[in-house]
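Observations on the three-dimensional arrangement
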Amino acid sequence: MKNLVKNTFISFLFLPFLLNCQSSPTVKTGVWRATLETSGGQLPFGLSIEPAAQAGKYTVFALNGAERLPMDEATLVGDTLRIPMDLFESELVGKVSGDKLTGVWRKRRVKADFQVVPFSAEFGQDYRFAPAGKAPAADLSGTWQTLFRAAGAEAAPGDTTVAVGVFKQQGSDVSGTFLTPTGDYRYLAGNVFGDSLLLSCFDGNHAFLFKARLAGAGTDRTLTGVFHSGPTYRETWTARLNPNATLPDPAKLTYLKPGQRFSFAFPDPAGKTVSLSDPQFKGKVTVVQIMGSWCPNCMDETKFLAPWYAKNKARGVEVVGLAFEKTADLAEYGPKLTRMSERFQIQYPVLLAGTNDKAEAAKSLPALSSVVAFPTTIFVDKKGAVRHIHTGFSGPGTGVYYDQYVGEFNRLIDKLLAE
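All of these numbers come straight from a predicted model, not from anything done at the bench.

**Observations regarding the overall build of the protein chain**
The helix and strand inventory of the protein chain stands at 5 helices and 25 strands. The principal-axis extents of the C-alpha atoms in the protein chain amount to approximately 95 × 60 × 40 Å. Looking at the protein chain residue by residue over its 419 residues, the buried ones come to 49%. For the protein chain, the proportion of contacts with a sequence separation of at least 24, taken over those separated by at least 6, is 56%. As displayed, the protein chain offers around 19600 Å² of accessible surface, 55% of which is attributable to carbon and sulfur atoms. On the protein chain, the mean spot of the 45 positive side-chain charges and the mean spot of the 39 negative ones are 2 Å from each other.

Okay, here's the thing in structure tokens:
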């Protein structure tokens, strides 16, 4: 009887623990339809969540059209799932309840200042904007000459950006992107319902939502709409179907000042100063990547440059990254640059060059006329002379434009190596 009482008492003590274990939620694995609440309305994107090797850990991808963008390993603690994207200092945090996730997207801006946006997701849904709607009024596939205009009280007169929209449509599903002089909007996905176009993208750093109305017919078709970025920023935009749509020449936006010689000297993550005059660059063709770990376009370029360098470094070519970050504090951003190099298997040096302000970046590299965009790529010949400067980067989401860039990059390197 005494043992029975003792065992009953022990069982009573452990009952809350057992009940808690039994009631702990699990994350359903597969495709989730996620949304962020912005001033422009719901911004949808996909999430693919699969179990990792360790219990309570998950492998997560953000889904935007053809892109499966890897997030960092997610962790379930109690009923809270955290999906980090450490590279961009952001995370999705959601409470798990059956087929639902409800929480926020948190993104660090500076120091302890965070941008917080409501976030939710539903399991088993893979549509973008709506499961069904009006049949499309037209096929929007093609190339569109586009103009973005800043909106709101902060907009200055003439504050516009020329762009080229490239879309592919199948039924009501649309994918594509916008190319601009400073880079592209990466992988956009959405739908056409009647005369309405809806596109979105979430990559852990940026949250883009495009809405537009179609007018006209045939070659006179135009799109007029609003672009929302993050929780509150917006621009208006117009586009006209134009197979010959163009952008300003990316080789003419940044140039070497007359009589100047390009040079740099910045610390690597360990604090060692690396200079273009160092022996490792002497007599070699050198590609200088002006970038930032916070910049998705820069990461797209890095995904190209890192394996390219690993394959071509024996030919007498070097690559060096000049990272402009939220602060120039090496103690804070040195480890971040190391993690970035590990993530993308970068074998070339990445240096902390300054803060991610274009004017400040230009001061750090005084031989340049300006720094218009992150990324900007500088090609230096064997004698240390700048031979070409390319502003922006057309990533894989741009399709044929990316292929053209890769071809031009390789032809230029071949020419400089042959000299």
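**As for the pairing of strand β21 (residues 285-291)**
Counted residue by residue, β21 has 7 buried out of 7 residues, so it is predominantly covered. Residues Val285, Val287, Gln289 and Met291 line one face of β21 and the alternating positions Thr286, Val288 and Ile290 line the opposite face, and both faces are buried. You can see the chain leave β21, run along helix α2 (residues 296-312) and come back into strand β22 (residues 317-325), and the turn it takes is right-handed. Bridging between β21 and strand β24 (residues 376-380) involves 5 bridges; their strand directions are antiparallel. Along β24, the bridge assignment pairs Val287 with Phe379.

**Quick notes on unusual backbone geometry**
Working note: non-glycine residues mostly have negative phi, and peptide bonds are mostly trans. In this model, Phe374 is joined to Pro375 through a cis peptide bond whose omega is 5 degrees. Following the sequence through the fold, Pro375 ends up in the loop between α4 (358-364) and β24. The phi dihedral of Arg186 is positive, around 60 degrees, even though this residue is not glycine. Residue position: Arg186 is located in the loop between β13 (183-184) and β14 (188-193).

**What about helix α3 (residues 330-344)?**
For an α-helix, the turn length of 3.6 residues means that residues three or four places apart are oriented alike. Over its 15 residues, α3 extends 20 Å from the first C-alpha to the last, a length consistent with the 21 Å expected when each residue adds 1.5 Å. Buried residues of α3: Tyr333, Gly334, Lys336, Leu337, Met340, Ser341 and Phe344, and no others. Buried residues belonging to α3 abut β8 (100-110), β21, α2, β22 and β23 (350-355). Between the side-chain oxygen at the start of α3 and the backbone nitrogen of Ala331 there is a gap of 3.0 Å, and the oxygen is on Asp329. Immediately downstream of α3, the backbone of Gln345 shows phi near 55 degrees, a positive value.

**Some details on the packing of aromatic side chains**
A complete count under the given rule lists 33 aromatic pairs for this structure. Here Tyr185 and Phe208 contribute two aromatic rings whose centre-to-centre distance is 5.1 Å and whose plane-to-plane angle is 75 degrees, an arrangement assigned as edge-to-face. Taken as a pair, Tyr185 in the loop between β13 and β14 and Phe208 in strand β16 (residues 207-215) lie far apart in primary sequence, 23 residues in all. On the basis of relative accessibility, which here comes to 7%, the residue Phe208 falls in the buried class.

**Notes on the pattern of salt bridges**
With the rule as written, the count across this model stands at 20 salt bridges. Residues Arg186 and Asp203 are paired through a salt bridge, measuring 3.8 Å at the closest nitrogen-oxygen approach. Residue Arg186 is located in the loop between β13 and β14, and its partner Asp203 is located in the loop between β15 (196-202) and β16; the two are separated by 17 residues in the primary sequence. Note on accessibility: Arg186 and Asp203 belong to one class, buried. The residue Arg387 makes a salt bridge to Glu419 at a minimum N-O spacing of 2.7 Å. Of the two residues, Arg387 sits in strand β25 (residues 386-391) while Glu419 sits in the segment after α5 (400-418), which places them 32 residues apart along the sequence. Note on Arg387: relative accessible area 36%, which makes it partly exposed.

**Quick word on the sheet that holds β21**
What the 5 strands build is an open sheet, ordered β23-β22-β21-β24-β25; its pairing is mixed. Strand pairing shows two members of the sheet lacking a second neighbour, β23 and β25, which therefore form its edges. Within the sheet, the average angular offset between the axes of one strand and its neighbour, ignoring direction, is 20 degrees. In this fold α5 packs onto β21, β24 and β25, with an angle of close to 20 degrees to the strand it touches most, β24.

**Looking at α2**
Taking 1.5 Å of rise per residue, the 17 residues of α2 would be expected to cover 24 Å, and the 24 Å separating its terminal C-alpha atoms lies within 8% of that figure. With respect to burial, α2 is a largely interior element, 13 of its 17 residues being buried.

**Brief notes about the environment of Thr338**
By the element assignment, Thr338 lies in helix α3. Judged by relative accessible area, Thr338 falls into the partly exposed class, the value being 33%. With 262 residues separating them in the primary sequence, Thr338 and Leu76 have C-alpha atoms 26 Å apart.

What counts and how
Residues numbered from 1 in each chain as written. Predicted model: local features only at pLDDT ≥ 70, side-chain atom pairs only at ≥ 80, totals over all residues. Heavy atoms only, no water. Helix = DSSP H or I, 4+ residues; strand = E, 2+ residues; numbered from the N terminus. Buried < 20%, exposed > 50% of the residue type's maximum accessible area, 1.4 Å probe, protein only. Contact = heavy atoms within 4.5 Å. Areas by Shrake-Rupley, 256 points an atom, 1.4 Å probe, with all protein chains shown as cover. Lys, Arg positive; Asp, Glu negative; His and termini not counted. Charge placed at Lys NZ, Arg CZ, Asp CG, Glu CD. Right-handed = clockwise from strand over helix to strand, strands pointing away. Pairing = 2+ DSSP bridges. Expected span 1.5 Å × (residues − 1). Polar contact = N/O pair within 3.5 Å; in protein donor to acceptor, adjacent residues only side chain to side chain. Phe/Tyr/Trp six-rings, centres within 6.5 Å; stacked < 30°, edge-to-face > 60°. Salt bridge = Lys/Arg side-chain N within 4 Å of Asp/Glu carboxyl O. Axes fitted to C-alpha atoms, helices over the stretch in contact; angles between N-to-C directions.

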